[in-house]
Amino acid sequence: MGYYDDHHYEGRSKRQKGSKGGYILASLAGVLIGAVLVIAVVPKVLDYNGVASSRDQGQSNTAQHNNADVQQLSLDVITDVTQAVDKAADAVVSISNIQASGFWSNDENAEGVAAGSGSGVIYKKEGGRAFIVTNYHVVEGAKQLEVSLTNGEKLPAKVVGKDIWTDLAVIEVDGSQIKTVAEFGDSDSLKIGEPVIAIGNPLGQFEGSVTQGIISGLERTVPVDIDQNGTVDWQAEVIQTDAAINPGNSGGALVNISGQVVGINSMKIAQSIVEGIGLAIPINFTKTVITDLEQHGEVKRPYMGLQLASVNEIPGYYQDEALKLPKDVTSGVVVSGVEPNSPASSAGLQEMDVIVEMDGDKINDVLELRHHLYIKKNIGDNLKIKYYRNGQLEETTMKLAAENTF
């Protein structure tokens with residue numbers, strides 16, 4: 001060994017020889033220190049191997065209890081959408097169209113007791129009755145109608161009036177149990193991209209369903225075949241939305257973010273390649289229709305007393321030889337018949353005349369003529385007409401009347 005090691009060893013020998021009592025005390029101190037270390041370390045080792053102390057188990061149970069409290073916590077969520085739904089939802093009802101004659105029907109054309117279902121919007125209470133607007137096709141052919149309220153009550157209903165051209169109808173129920181009436185908004189002020197909510201009874205079984213979307217388009221025109229003969233009879237002007245509208249939603253409410261009804265859901269383009277195109281009748285247009293339906297049971301429209309055909313349906317040969325139209329005139333409406341003593345007869349129109357303009361608006365076909373007459377004119381109005389007769393452009397003024405007044 002070197003010097004340092006020898007010196008260290010010699011000093012240690014002297015200390016050991018000089019005090020046996022010190023050695024015993026040192027040994028006892030070592031034992032005590034070891035015991036303390038065992039007490040401190042062993043629980044940690046046990047924890048590491050998955051055995052927790054009672055104190056730690058208590059902490060774990062407390063943590064689990066706290067987690068359980070968090071999971072059971074409920075939130076009262078209030079948004080513009082939930083407030084709009086709260087305001088309007090109870091005014092939207094489910095309507096069952098019952099065409100079978102009894103509870104068990106032998107009619108092979110009746111699919112069970114209820115032939116169909118749809119939705120409706122309660123818009124007025126008056127004289128102990130509540131009035132509901134819905135679609136014409138929801139109530140068409142019904143022997144009985146039944147309205148289901150949001151509280152589960154079922155009420156018998158009867159038709160006040162209906163109109164196939166606009167696909168609108170008004171029905172009424174006993175108003176004693178009706179507590180919520182919808183508020184109408186202004187469909188003319190709608191903006192593309194504005195949020196809207198559809199409320200209705202999709203598939204006839206999910207009453208009070210709510211879907212959200214936006215206004216996708218305004219003043220859309222959709223061709224309608226009224227008599228299902230394959231020929232378009234009418235162009236419906238509708239609101240387009242991407243809020244989901246499915247069978248059974250018809251007649252339900254399209255609601256703005258203020259909870260006001262801005263449209264009556266009417267149809268959906270049901271093709272596998274089309275998604276997110278729902279259509280609704282603007283509420284401003286609906287208001288004028290339901291007023292007539294309440295008062296007359298039908299829509300009172302201006303009447304001309306004409307049978308009509310579109311020029312584009314006439315072969316070119318007859319356009320030249322029979323109608324004698326100038327070469328640059330390829331559109332318009334041909335008069336194929338005039339009713340005696342009608343407004344058209346009084347205005348001097350004759351068979352084979354070709355109407356090309358009304359009140360300064362160009363008229364290309366029968367659809368445009370009907371639209372101008374039914375949307376822009378009222379009973380008693382004067383209507384300025386330009387037409388071709390034997391190749392010459394002429395003009396007349398017709399005073400419009402109500403149908404069935406002659």
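Regarding a negative patch on the surface
Residues Asp186, Asp188, Glu219 and Glu237 make up a contiguous surface patch of negative charge. For Asp188, a relative accessible area of 66% puts it in the exposed group.

Some thoughts on the packing of aromatic side chains
Counting across every chain of the model gives five aromatic pairs. Geometrically, the ring pair formed by Tyr123 and Phe184 is stacked, given 6.0 Å between the ring centres and 20° between the ring planes. Remark: Phe184 occurs in the loop between strand E6 (168-174) and strand E7 (195-200) and Tyr123 occurs in strand E2 (residues 114-126); sequence separation between them is 61 residues. Classification of Tyr123 as buried rests on a relative accessible area of 11%. We classify Phe184 as partly exposed; its relative accessible area is 22%.

Examining the nonpolar core
Counting residues in hydrophobic clusters, the biggest one holds 40 residues, and the most contacted among them are Ile95, Ile132, Val147, Ile171, Val173 and Val261. Ranked by the residues each element gives to this core, the list is headed by E6, at five residues. In contact with Ile95, not counting residues within four places along its chain, are Gly116, Ser117, Gly118, Ser119, Gly120, Ile132, Thr134, Val138, Leu145, Glu146, Val147 and Ile171. Among the nonpolar cores identified, the runner-up in size contains 18 residues, and Val335, Ile355, Leu369 and Leu400 belong to it.

A short note on helix H6 (residues 283-296)
Helix length check: H6 (14 residues) gives 20 Å between terminal C-alpha atoms against 20 Å at 1.5 Å per residue, within 8%. Within H6, the full set of buried residues consists of Ile283, Asn284, Thr286, Val289, Ile290, Asp292 and Leu293.

Quick word on helix H4 (residues 80-88)
When we look at burial in H4, the residues that qualify are Ala84, Val85 and Ala88. Looking straight down H4, one finds that the buried residues subtend no more than 100° of arc, so they occupy a single side. Lining the buried residues of H4 we find strand E1 (92-98), E7, strand E8 (209-224) and strand E10 (253-256).

Points about unusual backbone geometry
One non-glycine residue, Glu219, adopts positive backbone phi at about 55°. Turning to its location among the elements, Glu219 is positioned in strand E8. Of the residues examined, Glu219 reaches a relative accessible area of 69% and is grouped as exposed. Phi is positive for Met352, which is not a glycine, with a value near 85°. Assignment of secondary structure puts Met352 in the loop between helix H8 (343-346) and strand E16 (354-358). The class for Met352 is partly exposed, based on a relative accessible area of 33%.

Structural notes on the pattern of salt bridges
Once their charged atoms are close, side chains differing in charge can pair, the charge on each being opposite to the other. If you walk through the whole model with that rule in mind, you get eleven salt bridges. We note a salt bridge from Lys300 to Glu298, for which the minimum N-O separation is 3.2 Å. On the basis of relative accessibility, which here comes to 36%, the residue Lys300 falls in the partly exposed class. A salt bridge links Asp353 to Arg389, with the nearest nitrogen and oxygen atoms 2.8 Å apart. Remark: Arg389 occurs in strand E18 (residues 382-389) and Asp353 occurs in the loop between H8 and E16; sequence separation between them is 36 residues. Overall, the relative accessible area of 1% leaves Asp353 in the buried class. In the salt-bridge network here, residues are joined through shared partners; they are Lys124, Glu126 and Glu294.

Focus: the pairing of strand E4 (residues 144-148)
Judged from the five bridges that link them, E1 and E4 form a sheet pairing that is antiparallel. By the bridge assignment, Ile98 is partnered in E4 with Gln144.

Regarding the pairing of E10
Every second residue of E10 is oriented toward a common face, with Ala253 and Val255 on one face and Leu254 and Asn256 on the other, all of them buried. Pairing geometry for E7 and E10, over four bridges, is antiparallel. Pairing of Ile197 across the sheet is with Val255, part of E10.

So, the confidence of the model for the protein chain
The predicted structure's coordinates, where accompanied by low pLDDT, should not be read in detail. Predicted confidence across the protein chain gives a mean pLDDT of 82, with 75% of residues reaching 70 or more. In this model residues 1-21 is a low-confidence stretch, pLDDT under 50, and it forms one contact with partners more than four residues away in sequence or in other chains.

Brief notes about the environment of Val210
Here Val210 lies in strand E8. Those residues in contact with Val210 that sit more than four places away from it in its chain are Val85, Ile197, Ala198 and Ile199.

Parameters at a glance
- Residues numbered from 1 in each chain as written.
- Predicted model: local features only at pLDDT ≥ 70, side-chain atom pairs only at ≥ 80, totals over all residues.
- Heavy atoms only, no water.
- Patch = residues over 30% accessible without salt bridge, like charges linked within 9 Å, V, L, I, M, F, W, Y side chains within 5 Å.
- Areas by Shrake-Rupley, 256 points an atom, 1.4 Å probe, with all protein chains shown as cover.
- Salt bridge = Lys/Arg side-chain N within 4 Å of Asp/Glu carboxyl O.
- Lys, Arg positive; Asp, Glu negative; His and termini not counted.
- Charge placed at Lys NZ, Arg CZ, Asp CG, Glu CD.
- Buried < 20%, exposed > 50% of the residue type's maximum accessible area, 1.4 Å probe, protein only.
- Phe/Tyr/Trp six-rings, centres within 6.5 Å; stacked < 30°, edge-to-face > 60°.
- Helix = DSSP H or I, 4+ residues; strand = E, 2+ residues; numbered from the N terminus.
- Core = buried A, V, L, I, M, F, W, Y, C linked by side-chain atoms within 4.5 Å.
- Contact = heavy atoms within 4.5 Å.
- Expected span 1.5 Å × (residues − 1).
- Arc of directions from axis to C-beta.
- Pairing = 2+ DSSP bridges.
- pLDDT = per-residue confidence, 0-100.

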